[in-house]
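# Tertiary structure, described
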Amino acid sequence: MSTHAPAVETDLSAVPADADDAPSRHAAVRRTFAVISHPDAGKSTLTEALALLTGAVHRAGHVKGKAGRAGVVSDWQEMEQQRGISISSAVLQLDHRAHVLNLVDTPGHADFSEDTYRVLAAVDCAVMLVDAARGMERQTRKLFDVCKHRGLPVITVVNKWDRPGREALDLMDEVAQVTGMTPTPLTWPVGVAGDFRGVLRVGAEGDGAYTAYTRTPGGATAAIQEHLSADEALEREGETWTAAVEEAGLLTLENGEHDEEAFLAGRTTPVLFSAAVLNFGVDHLLDTLLDVAPSPGPRPDAEGTPRPLDTGFSGQVFKIQAGLDKAHRDRVALVRVCSGRFERGTPLTIARSGRTLTTKHAQHLQGGARTSIDESWPGDVVGLVGANGVEVGDTLHGRGAVEYPAIPSFAPEHFVVARPVDLSRSKQFHKGIAELDAEGVVQVLRSDLRGEQAPVLAAVGPLQLEVASHRMASDFSCPIRTETLSYSVARRTTPEWVAPLNSQRGTEVLQRRDGDLLAVFADQWRMNGVARELAGVVLEPLVADA
Ligand code: GDP
């Protein structure tokens, strides 16, 4: 379905790159990133601190109200009730030093990591938040693997330095070991974890100077910063300063200074230290995003040809949020702008289906209210309201056809068969299941053996399955009954292996909407048994297993 149009060249001449309104000019002052972390490392707190320091809010604690994390289900139901709030932080657009920072939110709960994976397809850089006491946790590792797979550059932030934690050098060793990237510190903490006084600015640009912080009550307003020279720092902090200089020096000697090319290639990760709750060190993260994070560049299309920025509009849908506004039952497609200028009202083409989409209702999803958006540039995220017929992963374009590579689906680990409770509601059932599939709430798998009436819902996290059940009842008036299948491992196979695999005990082949054939097994052990039985069988790992 990929189409290449000479119209791209025509459009190029229509928008000279040096024109004031050339998309590449707007792209150059934009940074689009996501924060990834294990739950509780401080992602929401850091988001608030970034909003506070850029003046988007005046007191921290306003971006996202978050109650306790009781049970997983109640957590989600609460999220559901607070949807007005959660959408407001879908994308946070911040201004800093005449640049635009697009912070794309990722769900906090590990069960929704599939959503997070898709967000990572829409950003140009990730900020990996590491808890100073806990180091690299399970979810951080998993998300980091996705970044690596996507070739996303990663900035590491060691957070909660105001609390007793591990030694900084020890944490750097762990980052290196787990990620295979060389940590190159841009700041180094002055004071051990639990006694955070400020940061030493490392390297040529940092010139070895000192940013000292003084906390404000509760960290609700910006911390007081003082910029001191190395001599002044020594005078004030004495041995604590000397220790920081020595440690940072040791690491720099071993790992080298920040190297932009190595960072963009994923070989190194610049490191910063923070206490998000006091907004210490967060000013340096803002600067780092501007100074080292990449601006949106030409994105490769499905055939690998980079789509120039200064051409017709194109974008990719990375998320669909439905039922946000209960009164209107609307459906919002979140689109990352990849090239050209987005203009509200200009009809777009859905590359997959060739259908036209109107864009009268384009919105900016920020700040509680959804405001109308008239134009956007590469790196921005546009919310298209009522984007019917659009699926997650779809490319939308204006002049000059293009199609971006599909956003990879991840290996599901939980499987249920779904049936309508009321068999007379089969129409609603099929409509609802198809919608959940298009939104990416769950993966819908089918097979000839099981038939149309009993699709298999598959998920990376079990909570996704609960959301699917809940949505079927509330949005499609079709409560479903689910029966758990005892599979936990999925591998991609090829058509000639469908029959042999189906004839094996404890395995079957199911087909995904993207056409992939998934062979599913109870566990790794069973899969190995089948592989021994069927010599030469094709069982390729899916992305999350890679
Ligand atoms: P998330 O799950 O990653 O979004 O984490 P939150 O932002 O909700 O933070 C989890 C908990 O850690 C909250 O109680 C925060 O107040 C606390 N927290 C976050 N950042 C810091 C920090 O820098 N220092 C301290 N002491 N606590 C923090």
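Note that the coordinates shown come from a computational prediction; the quantities given were computed from them, not determined experimentally.

## Describing the overall build of the protein
When helices and strands are tallied, the protein shows 17 helices and 30 strands. Within the span of the protein, comprising 546 residues, buried residues form 47% of the whole. When contacts within the protein are restricted to residue pairs at least 6 apart in sequence, those whose partners lie at least 24 apart make up 70%.

## Observations concerning unusual backbone geometry
It is generally the case that most residues other than glycine have a negative phi and that most peptide bonds are trans. Located in the positive-phi region is Asn-279, a residue other than glycine, with phi close to 50°. Secondary-structure assignment places Asn-279 in the loop between β11 (268-273) and α13 (282-291). Despite not being glycine, Ser-477 has its phi angle at roughly 45°, a positive value.

## Things to note about the sheet that holds strand β30 (residues 517-521)
With antiparallel pairing, the three strands of this open sheet are ordered in space as β28-β30-β29. Each edge of the sheet is formed by a strand with only one pairing partner; in this case those strands are β28 (489-493) and β29 (507-511). On average, each strand axis in the sheet is tilted by 30° relative to the strand beside it, whichever way the strands run.

## Some details on the domain arrangement of the protein
By domain assignment, the protein separates into domain 1 (23-62 + 79-292), domain 2 (302-397) and domain 3 (414-533). The interface of domain 1 with domain 2 comprises 21 residues on the first partner and 22 residues on the second. Where the side of domain 1 that touches domain 2 is concerned, the elements lending two or more residues are α2 (23-28), β1 (30-37), α5 (83-88), β2 (91-96), β3 (99-104) and α6 (113-120). Per-element tally for the side of domain 1 that touches domain 2: the top contributor is α2, with four residues. Each residue belonging to the side of domain 1 that touches domain 2 can be placed in one class, and the counts come to 10 nonpolar, six polar and five charged.

## Description of α6
Counting buried residues along α6, eight of its eight residues qualify, which places the element largely inside the surrounding structure. Those residues of α6 lying buried are Ser-113, Glu-114, Asp-115, Thr-116, Tyr-117, Arg-118, Val-119 and Leu-120. Contacts from the buried residues of α6 go to β1, β3, β4 (125-131), α7 (138-150), β14 (314-322) and α15 (462-476).

## Remarks on the confidence of the model for the protein
The predicted model of the protein has a mean per-residue pLDDT of 86, with 86% of residues at 70 or higher. Across the protein, strand β5 (residues 154-159) holds the top mean pLDDT of 98, while α5 sits lowest at 36. Below a pLDDT of 50 lies the segment residues 1-13, which in the model reaches 24 contacts outside its immediate sequence neighbourhood of four places, other chains included. Overall, residues 61-89 carries pLDDT values under 50, and its contacts beyond four positions in sequence, including any with other chains, amount to 34 contacts. Reported for the predicted complex are a pTM of 0.88 and an ipTM of 0.99.

## Some thoughts on the sheet that holds β1
Taken in spatial order, the seven strands make up an open sheet running β2-β3-β1-β4-β5-β11-β6, and their pairing is mixed. The open sheet has two free edges, formed respectively by β2 and β6 (182-185), since each of these has just one partner strand. Each neighbouring strand pair of the sheet contributes to a mean axis angle of 30°, computed without reference to strand direction. In this sheet, β3 lies alongside β1 in parallel orientation, the contact comprising five bridges. From the neighbouring strand, Phe-33 faces β3, where its bridge partner is Leu-103.

## Things to note about the packing of helix α3 (residues 43-53) against α13
In the contact formed by α3 and α13, the axes pass within 10 Å of each other and the chain directions differ by 80°. Comparing their axes, α13 and α3 come out roughly perpendicular. Where α3 abuts α13, its residues Leu-46, Ala-49, Leu-50 and Leu-53 lie against Val-282, Asp-283 and Leu-286. For the contact of α3 with α13, the class distribution of residues is six nonpolar, no polar and one charged.

## Let's talk about the site of the ligand
Close contacts around the ligand come from 17 residues, with Gly-42, Lys-43, Ser-44, Thr-45 and Val-277 the closest. Broken down by element, the shell around the ligand gets its largest block of residues, three residues, from α3. When its residues are assigned to classes, the shell around the ligand shows five nonpolar, six polar and six charged.

## Points about the packing of α6 against α7
It is at 10 Å that the axes of α6 and α7 come closest, and there the two elements cross at 30°. Considered as vectors, α6 and α7 are oriented roughly parallel to each other. Viewed along their axes, α6 and α7 form a crossing whose handedness is right-handed. Every residue of α7 that contacts α6 at Ser-113, Thr-116, Tyr-117 and Leu-120 is listed here: Lys-142, Leu-143, Val-146, Cys-147 and Arg-150. A per-class count over the contact of α6 with α7 returns five nonpolar, two polar and two charged.

## Quick notes on the environment of Gly-55
Considering the arrangement of structural elements, one finds Gly-55 in the loop between α3 and α4 (72-81). Overall, the presence of 11 C-beta atoms within 10 Å leaves Gly-55 in the exposed class. As for Gly-55 and Gly-400, which are separated by 345 residues in sequence, their C-alpha atoms are 38 Å apart.

## Points about α7
In this model α7 runs 19 Å from its N-terminal to its C-terminal C-alpha over 13 residues, within 8% of the 18 Å that 1.5 Å per residue would give. The complete set of buried residues in α7 reads Thr-140, Leu-143, Phe-144, Val-146 and Cys-147. Each buried residue of α7 lies within a common arc of 155° when the element is viewed along its axis, so the set occupies one face. As for α7, its buried residues are in contact with β1, α6, β4, β5 and α8 (168-179).

## A look at the environment of Ile-407
Secondary-structure assignment places Ile-407 in the loop between β23 (395-397) and β24 (414-420). Judged by local crowding, Ile-407 falls into the buried class, with 23 C-beta atoms found within 10 Å. C-alpha separation for the pair Ile-407 and Thr-156, spaced 251 residues apart in sequence, amounts to 25 Å. Filtering out sequence-adjacent residues up to four positions away, Ile-407 remains in contact with Arg-118, Ala-121, Phe-318, Val-392 and Gly-393.

Thresholds, definitions, all that
Residues numbered from 1 in each chain as written. Predicted model: local features only at pLDDT ≥ 70, side-chain atom pairs only at ≥ 80, totals over all residues. Helix = DSSP H or I, 4+ residues; strand = E, 2+ residues; numbered from the N terminus. Buried ≥ 20, exposed ≤ 12 C-beta atoms within 10 Å, placed from the backbone. Contact = placed C-beta atoms within 7 Å. Pairing = 2+ DSSP bridges. Axes fitted to C-alpha atoms, helices over the stretch in contact; angles between N-to-C directions. Domains from an automatic or database assignment. Nonpolar A, V, L, I, M, F, W, Y, C, P; charged D, E, K, R; others polar. pLDDT = per-residue confidence, 0-100. Parallel < 35°, antiparallel > 145°, perpendicular 65-115°, else oblique. Near = placed C-beta within 6 Å. Left-handed = near helix turned anticlockwise from the far one by under 90°. Expected span 1.5 Å × (residues − 1). Arc of directions from axis to C-beta.

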